[in-house]
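Close look at the chain arrangement
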Amino acid sequence: MSSHEISEAEEKLPEARGAESAVRPVDDPFADPGLPPHEHRKQDIDERAAKRSERTVALLFTVSMVATIAFIAAYVAIPVDRYIYVFPIGHISALNFALGVTLGIALFTIGAGAVHWARTLMSDEEIADERHPIEASPEVKSKVLEEFHTGAKESGFGRRKLARNTLFGALALVPLSGIVLLRDLGPLPGTKLRHTKWAKGKRLMNYNTMQPLRPEDISVGSLTFAMPEGMSEDQHDFQTEIAKAALMLVRLQPENIKDKRELDWSHEGIVAFSKICTHVGCPINLYEQQTHHVLCPCHQSTFDLSDGGRVIFGPAGHALPQLRIRANDQGYLEAMGDFPEPVGPAYWERG
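These figures come from a predicted structure and were not determined experimentally.

A closer look at the overall build of the protein
- A tally of helices and strands in the protein yields 10 helices and 13 strands.
- Partitioning the intrachain contacts of the protein with sequence separation of at least 6 by distance along the chain shows that 57% fall at a separation of at least 24.
- Here the protein has roughly 24100 Å² of accessible surface; of this, 59% comes from carbon and sulfur atoms.

Regarding the environment of Val343
- Tracing the backbone through its elements, the reader meets Val343 in the segment after strand 13 (333-335).
- In this structure, the C-alpha to C-alpha distance between Val343 and Ser274, residues 69 residues apart in sequence, is 6.8 Å.

Considerations on the packing of aromatic side chains
- A full pass over the atoms with the stated rule returns zero aromatic pairs.
- The cationic tip of Lys275 hangs over the ring face of Phe225; the distance from NZ or CZ to the ring centre is 3.9 Å.

A look at the environment of Ala94
- If you trace the backbone, Ala94 turns up in helix 5 (residues 94-120).
- Owing to a relative accessible area of 6%, Ala94 belongs among the buried residues under this scheme.
- Sequence-distant contacts of Ala94, that is, excluding residues within four places in its chain, are made with Ile78, Arg82, Tyr83 and Ile84.

Comments concerning the sheet that holds strand 6 (residues 270-274)
- The five strands are arranged 3-4-5-6-11 in an open sheet whose pairing can be described as antiparallel. If you trace the sheet from one side to the other, it starts and ends with strand 3 (204-206) and strand 11 (322-323), each paired once.

Let's talk about the sheet that holds strand 9 (residues 302-304)
- Reading across from one edge, 7-8-9-10 is the order of the four strands in this open sheet, with antiparallel pairing throughout. A single partner strand is all that each edge strand has here, and the edge strands are strand 7 (286-288) and strand 10 (310-313). Looking at each pair of strands side by side, their axes are set apart by 30° on average, direction ignored.
- Taken together, the three bridges between strand 8 (residues 293-295) and strand 9 define a ladder with antiparallel strand orientation. From the neighbouring strand, Leu295 faces strand 9, where its bridge partner is Thr302.

Let's talk about the side chain of Arg41
- The topology assignment puts Arg41 in the loop between helix 2 (14-17) and helix 3 (42-45).
- Of note is the side chain of Arg41, whose polar atom sits 2.7 Å from the backbone oxygen of Arg119.
- There is a polar contact of 2.6 Å between the side chain of Arg41 and the backbone oxygen of Met122.
- Setting aside residues no more than four positions away along its own chain, Arg41 makes contact with Ala118, Arg119, Thr120, Leu121, Met122, Ser123 and Asp124.

Thoughts on the state of the cysteines
- Scanning the entire structure with this criterion turns up one disulfide.
- Between the sulfur of Cys282 and that of Cys298 lies a disulfide, 2.3 Å long from S to S. A torsion of -105° about the S-S bond marks the disulfide between Cys282 and Cys298 as left-handed. Placement of Cys282 in the loop between strand 6 and strand 7 and of Cys298 in the loop between strand 8 and strand 9 is noted, with a sequence separation of 16 residues between them.
- The class of Cys282 is buried, set by a relative accessible area of 13%.

Things to note about the pairing of strand 10
- Inspection of the sheet shows strand 9 paired to strand 10 by three bridges, in the antiparallel sense. Residue pairing across strands places Asp304 opposite Arg310, the latter belonging to strand 10.
- Between the end of strand 9 and the start of strand 10, which pair antiparallel, lie five residues, with Gly308 showing a positive phi angle near 70°.

Considerations on the environment of Gly201
- Inspection of the secondary structure assignment puts Gly201 in the loop between helix 8 (176-181) and strand 3.
- A residue is classified by how much of its surface remains accessible, and Gly201, at 34% relative accessible area, is partly exposed.
- Residues Gly201 and Glu229 lie 28 residues apart in sequence; the distance between their C-alpha atoms is 9.4 Å.
- The residues touching Gly201, leaving out its near neighbours within four places in the chain, are Glu229, Glu334 and Ala335.

Overview of helix 9 (residues 238-245)
- Those residues of helix 9 that sit buried are Phe238, Glu241, Ile242, Lys244 and Ala245. The buried side chains of helix 9 occupy one side of the element, clustering within an arc of 160° when seen end-on. Looking at helix 9, the residues exposed on the side facing more than 90 degrees away from the buried face are Gln239 and Thr240.
- Looking at the buried side of helix 9, the elements it contacts are strand 4 (223-228) and strand 5 (247-251).

Some words on helix 5
- End to end, helix 5 covers 38 Å across 27 residues, agreeing with the expected 39 Å (1.5 Å per residue, within 8%).
- When helix 5 is considered as a whole, its buried residues turn out to be Ala94, Leu95, Ala98, Leu99, Thr102, Ala106, Thr109, Gly113 and Thr120.
- Along its buried surface, helix 5 packs onto helix 3, helix 4 (47-77), strand 1 (83-86) and strand 2 (90-93).

Overview of the packing of helix 4 against helix 5
- Contact geometry of helix 4 with helix 5 gives a least axis separation of 8 Å together with a crossing angle of 160°. Looking at the two axes, helix 4 sits roughly antiparallel to helix 5. Where helix 4 crosses over helix 5, the handedness of that crossing is left-handed.

A look at a nonpolar patch on the surface
- Among the surface-exposed residues, Leu59, Val63, Phe97, Val101 and Ile105 lie close enough to one another that they form a single nonpolar patch of about 380 Å² accessible area.
- Those elements giving two or more residues to the nonpolar patch turn out to be helix 4 and helix 5.
- Of the residues forming the nonpolar patch, the biggest block, three residues, is contributed by helix 5.
- Note on placement: Ile105 falls in helix 5.

Parameters and conventions
- Residues numbered from 1 in each chain as written.
- Predicted model: local features only at pLDDT ≥ 70, side-chain atom pairs only at ≥ 80, totals over all residues.
- Heavy atoms only, no water.
- Helix = DSSP H or I, 4+ residues; strand = E, 2+ residues; numbered from the N terminus.
- Contact = heavy atoms within 4.5 Å.
- Areas by Shrake-Rupley, 256 points an atom, 1.4 Å probe, with all protein chains shown as cover.
- Phe/Tyr/Trp six-rings, centres within 6.5 Å; stacked < 30°, edge-to-face > 60°.
- Lys NZ or Arg CZ within 6 Å of the ring centre and 35° of its normal.
- Buried < 20%, exposed > 50% of the residue type's maximum accessible area, 1.4 Å probe, protein only.
- Pairing = 2+ DSSP bridges.
- Axes fitted to C-alpha atoms, helices over the stretch in contact; angles between N-to-C directions.
- Polar contact = N/O pair within 3.5 Å; in protein donor to acceptor, adjacent residues only side chain to side chain.
- Disulfide = S-S within 2.5 Å.
- Arc of directions from axis to C-beta.
- Expected span 1.5 Å × (residues − 1).
- Parallel < 35°, antiparallel > 145°, perpendicular 65-115°, else oblique.
- Left-handed = near helix turned anticlockwise from the far one by under 90°.
- Patch = residues over 30% accessible without salt bridge, like charges linked within 9 Å, V, L, I, M, F, W, Y side chains within 5 Å.
- Salt bridge = Lys/Arg side-chain N within 4 Å of Asp/Glu carboxyl O.

Here it is, written out as structure tokens:
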């Protein structure tokens, strides 16, 4: 390197530029860059601007209060079965829409007001503080423990058993008040999930023709779907009830029925089983005539209708419930009661 190049390199050193403060000490590889000059906000030097920010914050909090009141009013005033059209969502519950909008506004404006307050009115001056060990010194630890034991002793917490135990009881019971609010989620199901529309004397109606079924309407090897008399698709709870009461009928040769109770509950070889799969509640609609097996199309659970509807394959947990049937004086098939156990998935999921 020539002498000219060396002199140019020396000119670029911090000392040559007059930036001695930027030189890193030998024992500190990370120099403190320092803080940039503090820039005052408009609200710091103009009281009118500060007042405007204060009014903005107050407005946001006021909007939150109004939205909360609107939330309560909507909860009380809007019926649960009212629906409105909202573009582009479509038809939705008016109550859910009102509650969502008002609560969203209430929470958003609280947050927006707090952020605006912090950014425009609270102090924003940076303050540097030296770091220190987080762990307390042994002297401080000893003092804190000593004060804690002294306070516990003076409080009488160990001696005053009546006050202590009632305190524990109060703290344990207070959270139960929140459980009461769960009651407002809707009416209790009671035992309605354990029962269907089937009852003694209700005729079996063909699901497709809506006509009562006679034994001669069901031929050997066919699969017929039925529902209870008195139900129609224009009823508001039709889908809920048919999901429990849907029935499938198969006519077998009596000598092919292996289960004694199934034979006793049948009529001239006609057996009636729930159409609802006991796995996750899918409707069963595939029947194999030679083996008397029915297959659920959702997860391939397979049931033997000649052997009490028991599971022979798949994830279903238990057999299909059977409905006891007979022919009445007019020659129509009718139920002799409800299903003996809840239909569909496992019992504890049916209420």
